[in-house]
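Okay, here's what each chain looks like letter by letter:
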Amino acid sequence: MKKWIGIAIVSIVLIGGLTQVDWNRIGKDTLFVKVEAVSDVEETTLENGDVMKRYVYTQPAFTSDGKAREITFTAAKKLREGAYLRLYVKDGDTVTSYEEVSRSDVPQSITEK
């Protein structure tokens, strides 16, 4: 009986932990950007008539060692200009997730640029 209770507890902990993992960030490359003005706004009309907006940003992004490259990503809301973001990127150019970070979290080699 104790064995089954132990297995049940371990199973609950594992399932709970796996549901809290952001799979869009695991194993991805990271780039850093300072948010600039919106490049474009895409509007999609849903079946119920509501209009959904996606804000498109095309701007330079930097790797941790300071190498620059152009990246395009979208957001469901307009991002705060001047904010620093950590982008999670797969396949070199597909942004899967992002998070706002403080300037102190951005590598020194990037903030100098």
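Below you will find a few notes about this structure. Model, not experiment: these values are computed from the prediction. (Residues numbered from 1 in each chain as written. Predicted model: local features only at pLDDT ≥ 70, side-chain atom pairs only at ≥ 80, totals over all residues. Heavy atoms only, no water.)

Quick look at the pairing of strand E6 (residues 94–101)
Here is step 1 of the chain: As paired strands, strand E5 (residues 84–90) and E6 are joined by seven bridges and run antiparallel to one another. Within E6, the position partnered with Leu87 by the bridge is Tyr98. (Pairing = 2+ DSSP bridges. Helix = DSSP H or I, 4+ residues; strand = E, 2+ residues; numbered from the N terminus.)

Describing the pattern of salt bridges
Here is step 1 of the chain: A full pass over the atoms with the stated rule returns two salt bridges.
Here is step 2 of the chain: As a salt-bridge pair, Arg80 and Glu100 come within 2.3 Å of each other at their nearest N and O atoms. Of this pair, Arg80 sits in the loop between strand E4 (68–75) and E5 while Glu100 sits in strand E6; the two residues are 20 residues apart in sequence, bridging distant segments of the chain.
Here is step 3 of the chain: For the salt bridge of Arg86 with Glu99, the shortest nitrogen-to-oxygen distance reads 2.8 Å. Here Glu99 lies in strand E6 and Arg86 lies in strand E5, a separation of 13 residues in the sequence. (Salt bridge = Lys/Arg side-chain N within 4 Å of Asp/Glu carboxyl O.)

Thoughts on the pairing of strand E2 (residues 40–45)
Here is step 1 of the chain: Strand direction decides the pairing type here: E2 and strand E3 (residues 51–62), joined by six bridges, are antiparallel. Residue pairing for E3: Val41 is matched across the bridge by Tyr55.
Here is step 2 of the chain: Taking the residues that link successive antiparallel strands as the turn, the E2-E3 hairpin has five residues, and the phi of Gly49 there is positive, at about 95°.

Considering the nonpolar core
Here is step 1 of the chain: With 14 residues, the main nonpolar core has Val33, Tyr57, Ile71, Phe73, Leu79, Leu85 and Leu87 as its most contacted residues.
Here is step 2 of the chain: For Leu85, the residues in contact, after removing those within four places along its chain, are Leu31, Phe32, Val33, Val35, Phe73, Leu79, Tyr98, Glu99, Glu100 and Val101. (Core = buried A, V, L, I, M, F, W, Y, C linked by side-chain atoms within 4.5 Å. Buried < 20%, exposed > 50% of the residue type's maximum accessible area, 1.4 Å probe, protein only. Contact = heavy atoms within 4.5 Å.)

Some details on the packing of aromatic side chains
Here is step 1 of the chain: Counting across every chain of the model gives two aromatic pairs.
Here is step 2 of the chain: Ring centres of Tyr57 and Phe73 lie 5.4 Å apart, and the angle between their planes is 15°; on these two criteria the pair is classed as stacked. On the criterion of sequence distance, the pair formed by Tyr57 in strand E3 and Phe73 in strand E4 is long-range, its members being 16 residues apart. Accessibility assignment for this pair places Tyr57 and Phe73 in one class, buried.
Here is step 3 of the chain: We classify Phe73 as buried; its relative accessible area is 2%.
Here is step 4 of the chain: Counting every residue linked through ring pairs, the aromatic cluster contains Tyr57, Phe73 and Tyr98. (Phe/Tyr/Trp six-rings, centres within 6.5 Å; stacked < 30°, edge-to-face > 60°.)

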